[in-house]
Each structure stands twice: as C-alpha cells, then as structure tokens.
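Given next are the chains, with one letter for each unit.
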Amino acid sequence: MSAPTAGGPTSGAPADGPGEATRALQERFQAALMPNYGVPPVAIARGEGARVWDADGREYLDLIGGIAVSALGHGHPALVTAVADQAASLAHTSNLFLHEREVELAERLIALLGDPSARVFLANSGTEANEAALKLARKAAGPDRPVLVAAENGFHGRTLGALAVTGKESIRAPFGPYGTEVRFVPHGDAGALRAAVDGGVAAVIVEPAQGEAGVVPAPDGHLAEVRAICDEAGAAFILDEIQSGIGRTGHWFAHQAEGVRPDILTLAKGLGGGLPIGACVGFGRFATAFAKGDHGSTFGGNPVAAAAALAVLDTVDKEGLLDNAARTGAALADGIRATGHPLVAGVRGSGLWLAVTLTADRAADVQARAAAHGFLVNAVAPDAVRLAPPLTLTTGQAAAFTGALPAILDEVTP
Ligand SMILES: *Cc1c(COP(=O)(O)O)cnc(C)c1O
C-alpha cells in the first residue's frame with residue numbers, strides 16, 4: 001500500500017491482476033449479483049478527493065469519477081456535512097409534502113439557467129429525468145404528434161422510454177418493440193435532422209456531445225441548427241445534459257457556451273456529486289405542460305439528495321471549479337497530445353470531459369494497464385479512453401497521469 005501523495009499515486013512495479021481481497025469480493029459479487037455488469041476489475045473501498053483505494057489498499061487516481069458523477073471528488077466536507085445534517089434532520093417526505101431543500105434546489109437551477117420561465121421536476125437518475133422529458137414533450141404535443149427523433153449512437157438511459165430513443169443498437173435492439181416511432185439520424189447531421197422532423201414529431205432529443213459513444217462533440221453551431229429545425233416544425237427540443245452538465249465542460253451547462261436554449265433540459269450524474277438525483281427542466285410553455293397528477297416519483301427530490309445537489313452547486317461556485325475544469329482539462333488534453341505516442345490519435349472533448357482516441361482498438365488494454373499503474377480510466381469504445389475526473393482535479397494530478405501515460409501505452413503497443 002502506497003502513502004497518499006499530492007501529485008498522484010506512488011507505485012513501484014505496476015500491479016498485475018487483482019489482489020486477494022478484491023478477488024474474494026469479485027467471487028461474492030458474481031455469486032450474488034446479476035451478470036449485467038460482468039465482474040468489475042477493481043473493488044473500491046474508500047476515496048478522498050481524486051484518490052481512491054481498493055479493497056487491497058492499492059491507491060489510484062480516479063480519472064473517471066464514477067462516470068462524471070463525483071464532481072467534488074470523494075468525501076468533500078461540504079457534501080459530507082450537507083448529507084449528514086440533512087439525514088439527521090429529515091431524510092424523506094414523499095411528494096405528499098413539500099420541503100425546503102427541493103425548493104432551494106429548483107430555485108438555484110433556474111437562476112443558473114438564467115430563465116425565470118423555467119420549472120423543475122426532480123427525479124432520482126438520468127433515465128428518469130429523460131422519462132419525464134419525453135412524457136412532458138408528448139403531453140405538450142398531444143396525440144397527433146407522437147414521433148420522436150434522436151441521434152444514432154446516442155445514449156439516454158435504460159428504462160423503456162429512454163431506451164427507445166437510445167441510438168446504440170446493441171443496447172436498444174434486444175428489448176424492443178417499443179410502441180413508439182423513433183427516427184434516428186446521424187449525430188450532428190443537420191440535413192438529416194431537417195428531413196426527419198415533420199409535423200408528426202413531438203420532440204427531438206440529443207446530447208451536446210455523445211458521452212457513451214466516446215465523448216463525441218457535434219459540429220460547432222449544431223445546437224443552434226437543432227433549435228431552428230425544432231422551431232420550424234413546432235417540435236420540442238430536448239437536450240440531454242446528464243453527462244455534460246454541472247461544470248463538466250467548464251460551463252455550468254454545455255448549451256450555455258453555444259448561446260442556445262432547449263425547450264426541455266435533463267440533468268443527473270454530477271448534479272448530486274454521488275447522491276442519486278436527476279432533474280428535468282421545462283422552459284416557456286414546457287415549464288407548465290404537466291398538469292396535477294401527470295407525473296411523479298416517491299423519492300424524486302428527496303431532501304438528502306437535494307441537499308447534496310445544493311452542496312455541489314455551492315462548492316462549484318465557491319471553489320471556482322468551472323475555471324478549474326477548463327484550465328486543468330486543457331492541461332490534461334495538452335499533456336496527452338504532447339506524449340506524441342504512436343497509439344494516440346488525438347483528444348476529443350472539452351473541460352474535464354475528454355476521450356483519448358487511439359490508432360488501434362486497444363482501449364480495454366489501456367484501461368487495464370492504467371489501473372495497474374494506479375489510474376482509473378474508462379474504455380468507453382474499442383478505440384477511445386474516457387476521462388471524466390472530479391472537477392477538483394489539480395494540474396499536478398493531471399501531470400501525474402500524462403507523465404505515466406507513455407509507459408502505459410508502451411505496454412499495450414503490439
Ligand atoms: C448516464 C446517462 C444517462 C442515464 O443516466 P442514469 O442515471 O444511468 O439513468 C442518460 N443520458 C446520458 C447522456 C447519460 O450520460
């Protein structure tokens with residue numbers, strides 16, 4: 001076990017294979033949990049800031065942050081205090097009663113979005129935020145406009161509604177049919193989108209950059225094109241910022257950098273900093289399209305999750321984490337490019353939301369060798385390694401990774 005360091009893990013020889021405690025947990029995992037996740041290679045026992053330790057005491061720099069969730073890193077005192085205090089005073093109300101935290105959170109989101117017309121529905125996850133968005137769009141459109149339009153390779157969640165608009169064939173196809181007409185168009189292709197959006201379309205749902213496809217941005221100006229196409233056809237523009245939102249790109253929300261406002265915005269992942277929460281925000285006529293009784297969630301906007309989200313928003317603001325995401329993200333991307341390694345094709349993304357693209361399909365091996373060197377990264381595609389670290393990542397920690405990267409890549413180069 002290595003001692004905590006400021007700049008990243010200290011390691012001797014890279015570890016090969018899981019340690020004994022990890023192996024024992026993996027066996028119990030396999031015997032008790034469904035096989036849908038396979039058996040994860042690392043068992044995380046605890047974390048502090050951007051560092052985590054596995055069940056065998058090995059230290060890692062966490063460069064994936066629970067998939068863009070642990071925005072403040074692990075164990076941030078603001079989050080810990082907010083959650084503990086809230087749990088001690090009031091953990092749950094159901095939606096039969098209101099509580100102040102949910103009101104504060106909705107007010108904060110509306111203020112950050114800069115549009116007083118907005119109204120918020122709180123859910124527990126990303127897929128639920130999208131379910132709310134799809135129902136909201138359908139309700140506003142009425143029964144004569146039932147069609148949905150989405151992007152190929154997009155990802156919107158695993159429940160049946162969100163899954164129906166998920167453009168990853170391997171994830172969607174086994175669970176159809178969906179009873180919903182969905183037209184898929186290539187990501188970022190405005191011509192194809194215009195051709196697909198007619199008077200029968202309730203909503204277009206897209207991501208600013210496709211996270212699960214490997215942090216693939218749309219072309220510059222694409223969100224403005226989506227906005228115009230939706231306006232021309234009278235369709236709702238649903239923007240899924242579940243992965244891109246809450247400071248990930250160096251802006252509170254990716255769409256703010258483009259000067260475009262969707263009709264419906266969905267958030268989750270980083271919003272709760274590790275506590276489960278999602279949000280669906282409606283603007284203009286979509287703010288009030290749900291009538292009493294149209295939608296609900298027993299846990300959604302739960303006081304503990306709402307308190308966590310408020311702590312995240314406060315801390316991003318107080319600690320200047322938007323600037324940090326932009327600056328440290330740029331340093332990280334520059335450092336990766338500067339390796340000049342033959343296996344590195346390039347770097348996609350912005351802020352602390354990047355994909356290292358490879359010249360060969362070796363991402364799984366890169367993920368495994370990076371872990372052996374003490375870095376948690378994600379093989380998001382056969383040729384792309386995703387980085388979505390805590391927004392608190394320091395330039396020293398970024399440099400620790402880029403310093404180790406050539407050796408990691410050498411180990412997987414045939
Ligand atoms: C993760 C994600 C979802 C689904 O969120 P869950 O909380 O896993 O349901 C939806 N859309 C995007 C863009 C995501 O990244």
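Residues numbered from 1 in each chain as written. Predicted model: local features only at pLDDT ≥ 70, side-chain atom pairs only at ≥ 80, totals over all residues. Heavy atoms only, no water.

The name an unreviewed UniProt entry gives the chain is Acetylornithine aminotransferase, with Nocardiopsis suaedae as the organism. What the UniProt record of the chain gives under Sequence similarities (unreviewed entry) is the line "Belongs to the class-III pyridoxal-phosphate-dependent aminotransferase family. ArgD subfamily." The chain has a UniProt comment under Subcellular location (unreviewed entry) that states "Cytoplasm". (UniProt positions renumbered as here; feature names shortened; annotations may be inferred.)

Undergrad: Mind laying out the domain arrangement of the chain, listing which residues take part and the relevant values?
TA: Examined at the domain level, the chain breaks down into domain 1 (78-318) and domain 2 (320-360 + 367-414). Domain 1 and domain 2 are separated by 28 Å when their C-alpha centres are compared. Between domain 1 and domain 2 the total buried area reaches about 1,600 Å² when both faces are included, carbon and sulfur atoms providing 62% of it. Three residues stand out in domain 1 for area buried against domain 2, namely Val215, Arg248 and Val316, and they jointly supply 41% of the buried area on that side. Applying the counting criterion to the domain 1 and domain 2 interface returns 1 salt bridge. The salt bridge partner of Arg386 is Glu212, with a shortest N-O separation of 2.6 Å. For the side of domain 1 that touches domain 2, the secondary-structure elements that each account for two or more residues are strand E9 (216-217) and helix H11 (303-318). Examining the composition of the side of domain 1 that touches domain 2, we find that 4 residues originate from one element, H11, more than from any other. Classifying every residue of the side of domain 1 that touches domain 2 by side-chain character gives 8 nonpolar, 9 polar and 4 charged. (Domains from an automatic or database assignment. Buried area = accessible area lost by both parts, 1.4 Å probe. Salt bridge = Lys/Arg side-chain N within 4 Å of Asp/Glu carboxyl O. Helix = DSSP H or I, 4+ residues; strand = E, 2+ residues; numbered from the N terminus. Nonpolar A, V, L, I, M, F, W, Y, C, P; charged D, E, K, R; others polar.)

Undergrad: Requested: an account of the packing of aromatic side chains, with residues and values cited.
TA: Per the counting criterion, the structure on display carries 1 aromatic pair. Judged by centre distance (5.4 Å) and plane angle (65 degrees), the rings of Phe375 and Phe401 are edge-to-face. You can see Phe375 sitting in strand E15 (residues 375-376) and its partner Phe401 sitting in helix H14 (residues 395-412), a full 26 residues away along the chain. The exposure classification of Phe375 matches that of Phe401, with both residues buried. (Phe/Tyr/Trp six-rings, centres within 6.5 Å; stacked < 30°, edge-to-face > 60°. Buried < 20%, exposed > 50% of the residue type's maximum accessible area, 1.4 Å probe, protein only.)

Undergrad: Residues and numbers for the environment of Gly161, please.
TA: Residue placement: Gly161 occurs in helix H6 (residues 160-164). Overall, Gly161 belongs to the partly exposed group, its relative accessible area being 23%. The spacing of Gly161 and Leu271 is 110 residues in sequence and 22 Å in space, taken between C-alpha atoms.

Undergrad: So what's going on with the state of the cysteines? Which residues, and what values?
TA: According to the stated counting rule, one finds 0 disulfides in the structure shown. Among the cysteines around Cys230, which has no disulfide bond, Cys280 carries the closest sulfur, lying 15 Å off. By relative accessible area, which is 1% here, Cys230 ends up buried. (Disulfide = S-S within 2.5 Å.)

Undergrad: Give me the packing of helix H12 (residues 321-338) against H14: which residues, what numbers.
TA: The interhelical angle for the contact between H12 and H14, taken along N-to-C directions, is 15 degrees, at an axis separation of 9 Å. The angle between H12 and H14 falls in the class roughly parallel. Between H12 and H14 lies a crossing whose hand is right-handed. Mapping the contact onto sequence places Thr328, Ala331, Leu332, Gly335 and Ile336 in H12 and Thr395, Ala398, Phe401, Thr402 and Leu405 in H14. (Axes fitted to C-alpha atoms, helices over the stretch in contact; angles between N-to-C directions. Parallel < 35°, antiparallel > 145°, perpendicular 65-115°, else oblique. Left-handed = near helix turned anticlockwise from the far one by under 90°. Contact = heavy atoms within 4.5 Å.)

Undergrad: Now, about helix H13 (residues 363-372): what can you tell me, with residues and values included?
TA: All buried positions along H13 are accounted for by Ala363, Val366, Arg369, Ala370, Ala371 and Ala372. Here the buried face of H13 lies against strand E3 (59-62), strand E14 (353-358), E15, strand E16 (378-381), strand E17 (384-387) and H14. Positive phi shows up at Gly374, right after H13, with a value of about 95 degrees.

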